[in-house]
Amino acid sequence: MANKLRISMIQSHIIWEDRDENLGCYGDLIKRVSGKTDLAILPETFSTGFSMHVEALADTPDGVTIRTVKKWAVAYNVAVAGSFIVKENGKFYNRAFFITPAGEEYYYDKRHLFRMAGEAQVFTEGTRQVIVSYKEWNICLQVCYDLRFPVWSRNVNNSYDLLIYVANWPEARRKVWKTLLQARAMENMAYVCGVNRVGIDGKGFVYRGDSLVFSPKGKKLADAGKRAEITRTYTLDKEELEEFRTRFPAWKDADQFSISL
């Protein structure tokens, strides 16, 4: 039914800087949810890990990473979202993607680059918000550090129903991750899903997972747990969302503003 959307959080480790191994691993995980979900969500930079070795790791916009994701979407009849490292016109981007079984393609370049890891030194920031239309749901796609900047995710006039963050969010800042995901749901009156990796990366950072889904009221609806490689599927209800927005129309009193980039 159009008012229902099944989303699957694919919470797994990422093999450091090994695209082929990661594509194989995540392909198997997506195959397992075929027929059970409408949207499979992968962590940030799922094919390489959050590495700054962009010259060696970057793919092209239509390279093996996206070609493989497109094959998954068609073969398993599921939309797939995540992010990867791409080089385009001589610049590098942490590019989020949303690929549907019908062949629709949406891309969003991470706006807020994590300067503490040197991301701002090697990647180019994005300049536009992207909202995907899929199965009569409007979905806003953002990446990791974007979570700390609420203005960028502001849901103006209910322009989206679901806000997704794909991430490599270290365990040391797990409280921030959980708190801000819940806050983004309540302030934007939308479902929020955050998908994070687990394991240890090539720089020694530990990732706890804690992939989560929150309701527009801030209620935790699904939790993939800590440190486990797991796929957790939850069904969102658009009718419940619209009823809440009608009963409690706080969005009508939101401040109007423009963003200067």
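Criteria and thresholds
Residues numbered from 1 in each chain as written. Predicted model: local features only at pLDDT ≥ 70, side-chain atom pairs only at ≥ 80, totals over all residues. Heavy atoms only, no water. Helix = DSSP H or I, 4+ residues; strand = E, 2+ residues; numbered from the N terminus. Expected span 1.5 Å × (residues − 1). Buried < 20%, exposed > 50% of the residue type's maximum accessible area, 1.4 Å probe, protein only. Contact = heavy atoms within 4.5 Å. Phe/Tyr/Trp six-rings, centres within 6.5 Å; stacked < 30°, edge-to-face > 60°. Lys NZ or Arg CZ within 6 Å of the ring centre and 35° of its normal. Axes fitted to C-alpha atoms, helices over the stretch in contact; angles between N-to-C directions. Parallel < 35°, antiparallel > 145°, perpendicular 65-115°, else oblique. Left-handed = near helix turned anticlockwise from the far one by under 90°. Nonpolar A, V, L, I, M, F, W, Y, C, P; charged D, E, K, R; others polar. Polar contact = N/O pair within 3.5 Å; in protein donor to acceptor, adjacent residues only side chain to side chain.

Peer 1: Before we go on, may I ask you to explain helix H1 (residues 19-32) in this structure?
Peer 2: Every α-helix carries 3.6 residues per turn, so stepping three or four residues along brings you back to the same face. With 14 residues, H1 ought to run about 20 Å at 1.5 Å a step, and its terminal C-alpha atoms sit 20 Å apart, in line with that. Residues of H1 that are buried: Arg19, Asn22, Leu23, Cys25, Tyr26, Gly27, Leu29 and Ile30. Where H1 is buried, its residues contact strand S1 (4-11), strand S2 (39-41), helix H2 (54-57), helix H3 (64-75) and strand S3 (79-88).

Peer 1: For this particular structure, what's the right way to read the packing of aromatic side chains?
Peer 2: Each pair of aromatic rings is reported with the distance of its centres and the angle of its planes. Here the structure, examined in full by the defined rule, presents 11 aromatic pairs. Both rings, one in Trp169 and one in Trp177, keep their centres 5.4 Å apart while their planes meet at 45 degrees; by these two values the pair is tilted. Over the ring of Tyr93 we find Arg95, and its NZ or CZ is 5.2 Å from the ring centre. Directly above the aromatic system of Trp152 lies the positively charged group of Arg111, at a separation of 5.7 Å from the ring centroid.

Peer 1: Sorry if this is basic, but what is going on with the packing of H1 against H3 here?
Peer 2: Packed helices, taken two at a time, are described by the angle their axes make and the gap between the axes. Look at H1 against H3: their axes get within 11 Å of each other, and the N-to-C directions meet at 15 degrees. As far as their axial angle goes, H3 and H1 are roughly parallel. Here H1 runs over H3; the crossing is right-handed. Contact residues: Arg19, Leu23, Tyr26, Gly27 and Ile30 in H1; Val64, Thr65, Thr68 and Trp72 in H3. Per-class residue counts for the contact of H1 with H3 are five nonpolar, three polar and one charged.

Peer 1: Honestly, the environment of Trp169 in this entry has me stumped. Any pointers?
Peer 2: Checked against the element boundaries, Trp169 lands in the loop between strand S8 (162-167) and helix H5 (174-188). According to the relative accessible area criterion, Trp169 is buried, its value standing at 5%. A C-alpha to C-alpha distance of 19 Å links Trp169 and Trp152, two positions 17 residues apart in sequence. Apart from the residues within four sequence positions on either side, Trp169 is in contact with Cys144, Tyr145, Leu147, Arg148, Arg174, Val176, Trp177, Asn196 and Tyr207. At 2.8 Å, the side chain of Trp169 forms a polar contact with the backbone oxygen of Arg173.

By themselves, these are just geometric observations and shouldn't be taken as functional.
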